[in-house]
Structure formats: structure tokens, C-alpha cells
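Here's the letter readout for the chains.
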Amino acid sequence: MDEKFQINGPSKISGEIDVRGAKNVAFPAIIASILTEDDCVIDNLPLIEDVFRIIEILESMGARIDWISKRKIKINTKNIDPEKLNQKLVKKIRGSIYLFGALLARFKKASLPFPGGCVIGARPISTHLNALKQLGVEIKEDFDIFHLSSDQVKGGNVVLNEFSVSATVNTLIFASLIPGETIIKIADQDYQTLEMIKILNRMGIKAKLYPRNIIKITGAKKLRGFKYKLIPDPIEAGTFILMCAITKGNLLVKGVEFDYLELLLKRLKDFGLDWQRKGKNAIQVVPWDSMEIDKVQALIAPGIGTDILPLIGVLSTQLPGLTLLHDPLFEGRLKYLEELNKMGANIIFSDPHRAIISGPTPLYGVEIKSPDLRGGASLIAAGVVAKGQTTISNIYEIDRGYEKIDERLRKIGVDIQRIKG
């Protein structure tokens with residue numbers, strides 16, 4: 001039976017909370033172990049559904065994965081067989097897209113289905129496939145299965161069709177086992193890419209960033225194992241900072257990667273949120289006197305990320321004036337705003353990418369549905385500030401990216417329970 005979250009509000013967040021390891025780095029880090037026959041050790045894993053599914057995918061091929069401690073694993077893929085790949089699991093999570101680059105690099109061929117993930121609009125993989133083609137990969141499509149072969153690959157120039165985090169990382173992974181130099185242009189430089197460059201350099205390649213969003217890679221015939229500790233998740237840190245702001249709470253958020261949140265934190269100061277840096281990687285968020293947001297646009301790094309925008313949408317319902325939200329990346333990202341309107345928000349959709357929020361409006365508890373991972377987190381925030389009882393269904397989407405979020409929120413003052421549907 002499906003589970004739901006039941007929230008009794010309003011609550012005011014207070015106390016302290018730790019940020020878990022970065023979900024979007026965990027996927028390519030785990031899959032990068034396919035590039036070597038040596039042991040690879042990854043620490044600070046978030047214990048979330050998507051990470052468990054990626055591990056199951058590797059195990060389905062015969063990888064040996066040992067849990068060294070609660071959040072630390074050792075992976076060995078020496079004896080994996082891609083023919084045994086559990087394709088049903090691949091279809092469930094977007095992070096499985098990195099199997100394209102890893103399996104192709106090591107085995108020179110791969111047959112994979114279209115990866116799954118959040119339904120936030122059109123998410124084609126054409127940029128990935130086009131990048132691989134530029135490096136000599138042959139691709140044939142049979143219904144929803146892609147058959148790839150790389151017998152004639154060589155280094156060279158790759159110009160990505162768009163600024164894509166996953167396409168950049170996938171190209172990096174694939175090019176790592178191509179001896180010689182590969183240059184990626186129009187390359188994303190968000191935290192996932194920068195952290196993966198660190199990992200791949202430890203494995204024996206040479207990758208370096210250049211101006212104008214260029215990455216140069218010198219690959220190798222054989223790569224060694226690596227040890228890596230995941231950074232705290234910048235998106236989760238932003239989620240808790242904004243949840244606190246929505247409730248005018250007082251919260252110490254521990255595990256903040258300031259380098260990857262600079263613009264968000266700067267803009268929140270501009271809007272009127274009073275936060276103070278505490279030590280190397282913590283932020284104290286305190287109740288604000290007055291806040292106002294005119295417009296926020298989701299942009300590629302180092303802009304405010306599309307995954308953070310939904311929480312800003314909830315915050316805007318509690319602030320005076322008109323706020324324009326613009327997400328040019330995904331036409332389905334604003335679906336959660338429809339649920340906010342059911343709770344009493346005053347939101348007008350200009351088009352699939354833009355919405356105008358008029359505030360402040362009190363929110364009231366109703367039954368709503370999580371449309372996707374980040375939209376679901378934003379609806380939890382709405383339930384925390386709403387009057388009465390809010391029930392959120394389809395919470396598996398939230399569990400995919402936030403570890404035991406209900407238990408952690410209870411510790412900072414939120415009345416939230418996990419119930420059977």
C-alpha cells in the first residue's frame with residue numbers, strides 16, 4: 001500500500017539539522033567504478049531510494065558491493081556481465097543514464113533502455129547520444145532500447161547541444177578510457193561535474209577546466225580504483241534553509257557547500273533573509289523581519305538551480321507583492337504550483353515555464369499529490385506553514401532524494417507522520 005505524509009501545521013522550524021551526501025554526485029561516482037577492475041570506496045552516501053536502486057543495478061550485473069559502514073561502500077566490478085543488467089531498474093531512475101558512458105567505455109558495446117526519473121517535462125537523451133556519436137560511437141534504436149558500439153572511437157572535439165549536467169558527466173566518463181585528448185565544449189560546470197573531475201583524476205586521467213565552459217580530458221587505457229567522500233548535498237542544504245525561511249524559523253544547517261550556493265545565498269540576503277555563516281560549513285538562519293522577492297530565474301551553474309526553485313515558490317506565497325518564477329529548463333517543473341493553488345495560494349501561470357505568485361496568502365491543509373522529487377519537498381514546506389492537516393501522496397518521489405525526511409523534520413519541530421495510503 002502506498003505511503004503518505006500527514007502534516008499538522010503551522011509549525012515553526014528550530015534547532016539544527018545535518019545535510020546528507022550529494023545525491024547527484026553519488027550516481028556517477030558509483031557508476032564510475034565500472035571503468036576499473038580495482039576496488040572503489042565511496043563514503044557519506046545518502047541512504048535514499050535512488051542510491052539503493054543504482055547499487056541494485058550494479059549487483060544485477062555481478063558487481064560485488066560491501067557495506068563497510070552505514071554510509072560507506074566498497075565496489076568491485078571486475079566480473080560484471082552487462083548482459084545480466086536489470087533493465088527494469090534502469091527505467092526507474094534518471095541516474096542510470098551514466099551507464100551509457102561507463103559500459104560503452106569498458107566493454108565497447110551496450111544495450112540500454114531509456115532511463116527513468118522525475119516527470120518534469122521533456123527530458124530527451126539526444127544530447128548524450130549526439131556527444132557519443134561525435135566520438136565515433138555507432139547507435140541503433142530498437143523501440144525503447146539503444147544499442148551502442150564503440151569499436152572505432154577516438155578522442156576529438158565534442159560540442160554539446162546544450163548545457164547539460166548529465167551529458168557533460170557522461171561524456172567525461174566515456175572519454176576517460178579513450179587514450180589521447182578529448183575536448184568538451186558547452187560543458188556544464190555545476191558541482192556534479194566538478195566533483196566527478198576530482199574522482200576521474202584520481203583514477204588516472206587528466207581533466208582540466210578552461211574558460212568558455214571547456215573541459216579538456218586526457219584519457220588512459222587503464223584506470224585505477226579510487227576513494228572518495230561525497231560532499232554534502234547543495235540542493236538539500238538549500239531545501240532546509242528555505243523551509244526555515246518559509247516558517248520564520250531559527251535553524252542551524254550543518255554541511256553547507258558555500259561555493260556551490262553562492263548566488264542563492266546572496267539573493268536570499270537581498271530578499272531580506274537574515275542568515276549568518278557559522279564556521280567552515282554551517283549556516284544559522286534566523287527569523288526575518290521583512291522579505292520581498294520580485295523575480296527568480298533558474299539558470300545553469302553558477303546560477304540558482306532548477307531543483308531549488310520550487311522552495312522559492314512556496315516562500316513567495318508568504319511574502320508581499322508579486323513574484324515572477326521562471327524555469328526555462330523544464331516545462332513541467334512548475335506543476336507543484338497547481339497543488340499550492342489548492343491550498344489557497346494565488347498563482348497565475350503565464351506559460352509552462354513562468355508563473356506569477358501574489359502574496360502573502362494563508363495556506364490551508366488539503367490532500368495533495370507530490371508531482372516529482374523537488375516539487376514534493378516544496379509541498380512538505382507548504383504543509384509545514386499551512387493551517388490544518390495536509391496529506392501528501394506519491395511520497396516515493398520524495399524518498400528518492402531525501403533520506404528519512406519525516407524523521408529528520410520531526411527533530412526540528414515539524415508535526416509530520418508517515419501513514420499508510
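As a reminder, the structure under discussion sits directly above these lines.
In what follows, the accompanying structure is described. The shown structure was predicted, so the numbers you read here are calculated from the model rather than taken from an experiment.

Some points on the environment of M291
Item 1. Tracing the backbone through its elements, the reader meets M291 in the loop between strand 16 (282–285) and strand 17 (295–297).
Item 2. With 99 residues separating them in the primary sequence, M291 and Q192 have C-alpha atoms 31 Å apart.
Item 3. When residues no more than four places from it in sequence are discounted, the contact partners of M291 are L268, F271, G272, L273, L315, L319 and P320.

Points about the packing of helix 4 (residues 99–107) against helix 6 (residues 165–175)
Item 1. With their axes 8 Å apart at the nearest point, helix 4 and helix 6 run at an angle of 10 degrees to one another. Between helix 4 and helix 6, the angle is such that the two are roughly parallel. Contacts between helix 4 and helix 6 involve F100, G101, A102, L104 and A105 from the first element and N170, I173 and F174 from the second.
Item 2. Tallied by class, residues from the contact of helix 4 with helix 6 come to six nonpolar, two polar and no charged.

Digging into the sheet that holds strand 3 (residues 40–43)
Item 1. Reading across the sheet, the four strands line up as 4-5-3-13 and stay open at both edges, with mixed pairing between neighbours. Among the strands making up the open sheet, the edge pair consists of strand 4 (64–69) and strand 13 (227–229). Between one strand axis and the next, the sheet turns by 20 degrees as a mean value, whatever way the strands run.
Item 2. Relative to strand 13, strand 3 is paired through three bridges, and the arrangement is parallel. By the bridge assignment, I42 is partnered in strand 13 with Y228.
Item 3. Sheet strands touched by helix 2 (residues 49–60): strand 4 and strand 5 (72–76). Its angle to strand 4, the strand with the most contacts, is close to 140 degrees.

Description of unusual backbone geometry
Item 1. The amide bond that connects G9 to the next residue, P10, takes the cis arrangement and shows omega of 0 degrees.
Item 2. By secondary structure assignment, the location of P10 is in the loop between strand 1 (3–9) and strand 2 (14–18).
Item 3. In this structure, the amide linkage connecting G359 to the following residue, P360, adopts the cis form with an omega of 0 degrees.
Item 4. Tracing the chain through its elements places P360 in the loop between strand 20 (354–359) and strand 21 (367–369).
Item 5. Backbone geometry at I186 places phi at a positive 60 degrees, although glycine is not the residue there.
Item 6. Mapped onto the elements, I186 comes out in the loop between strand 10 (180–185) and helix 7 (191–203).
Item 7. The partly exposed category is assigned to I186, whose relative accessible area is 29%.

Some thoughts on the pattern of salt bridges
Item 1. In total, this model carries 25 salt bridges according to the counting rule given.
Item 2. Measuring nitrogen to oxygen at the nearest pair gives 3.7 Å for the salt bridge that ties E3 to K420. Remark: K420 occurs in strand 23 (residues 415–420) and E3 occurs in strand 1; sequence separation between them is 417 residues.
Item 3. The salt bridge involving R400 is made with D50; its shortest N-O contact spans 3.0 Å. With a gap of 350 residues between them, R400 in the loop between helix 13 (396–399) and helix 14 (405–410) and D50 in helix 2 connect regions that are remote in the sequence.

Side note on helix 8 (residues 234–246)
Item 1. In this model, helix 8 (13 residues) spans 18 Å end to end at C-alpha, consistent with the 18 Å of a helix rising 1.5 Å per residue.
Item 2. Across the 13 residues that make up helix 8, a large majority, 13, are buried.
Item 3. Taking the backbone nitrogen of I235 as reference, a side-chain oxygen 2.8 Å away marks D233 as the first, capping residue of helix 8.

Remarks on the nonpolar core
Item 1. Among the nonpolar cores identified, the biggest contains 144 residues, and L35, L99, L340 and I380 are the most heavily contacted of them.
Item 2. For this core, the leading source of residues is helix 8, giving nine residues.
Item 3. Residue contacts for I380: discarding those within four places in its chain leaves F5, I7, M243, I392, I398, I405, L409 and I416.

Observations regarding the packing of helix 6 against helix 7
Item 1. Running from N to C, helix 6 and helix 7 point in directions that differ by 10 degrees, and their axes come no closer than 10 Å. Comparing the axis directions of helix 6 and helix 7 gives the class roughly parallel. Taking contact as the criterion, the partners of V165, T168, V169, L172 and I173 in helix 6 are, on helix 7, Q192, T193, M196, I197 and L200.
Item 2. Among the residues forming the contact of helix 6 with helix 7, the class breakdown is seven nonpolar, three polar and no charged.

Quick word on the sheet that holds strand 7 (residues 138–142)
Pairing between sheet strands relies on hydrogen bonds along the backbone, with the strands arranged either parallel or antiparallel.
Item 1. Overall, antiparallel pairing links the three strands, which are arranged 6-8-7 in an open sheet. Pairing within the sheet leaves two strands with one partner each, and these edge strands are strand 6 (109–113) and strand 7. Between one strand and the next, the sheet's axes are offset by a mean angle of 15 degrees, whatever the strand orientation.
Item 2. Of the pairings in the sheet, the one linking strand 6 to strand 8 (residues 145–149) comprises five bridges and is antiparallel in character. Counted as the bridge partner of L112 is F146 from strand 8.
Item 3. Across the face of the sheet, helix 4 comes into contact with strand 6 and strand 8 while running at roughly 160 degrees to strand 6.

Points about the pairing of strand 11 (residues 206–210)
Item 1. Direction of pairing for strand 11 relative to strand 12 (residues 214–219): antiparallel, over a ladder of five bridges. Each bridged residue has a counterpart across the sheet, and for A207 the counterpart in strand 12 is I217.
Item 2. In this antiparallel pair of consecutive strands, strand 11 and strand 12, the connection spans three residues, and R212 shows a positive phi of 65 degrees.

The rules behind each value
- Residues numbered from 1 in each chain as written.
- Predicted model: local features only at pLDDT ≥ 70, side-chain atom pairs only at ≥ 80, totals over all residues.
- Heavy atoms only, no water.
- Helix = DSSP H or I, 4+ residues; strand = E, 2+ residues; numbered from the N terminus.
- Contact = heavy atoms within 4.5 Å.
- Axes fitted to C-alpha atoms, helices over the stretch in contact; angles between N-to-C directions.
- Parallel < 35°, antiparallel > 145°, perpendicular 65-115°, else oblique.
- Nonpolar A, V, L, I, M, F, W, Y, C, P; charged D, E, K, R; others polar.
- Pairing = 2+ DSSP bridges.
- Buried < 20%, exposed > 50% of the residue type's maximum accessible area, 1.4 Å probe, protein only.
- Salt bridge = Lys/Arg side-chain N within 4 Å of Asp/Glu carboxyl O.
- Expected span 1.5 Å × (residues − 1).
- Polar contact = N/O pair within 3.5 Å; in protein donor to acceptor, adjacent residues only side chain to side chain.
- Core = buried A, V, L, I, M, F, W, Y, C linked by side-chain atoms within 4.5 Å.

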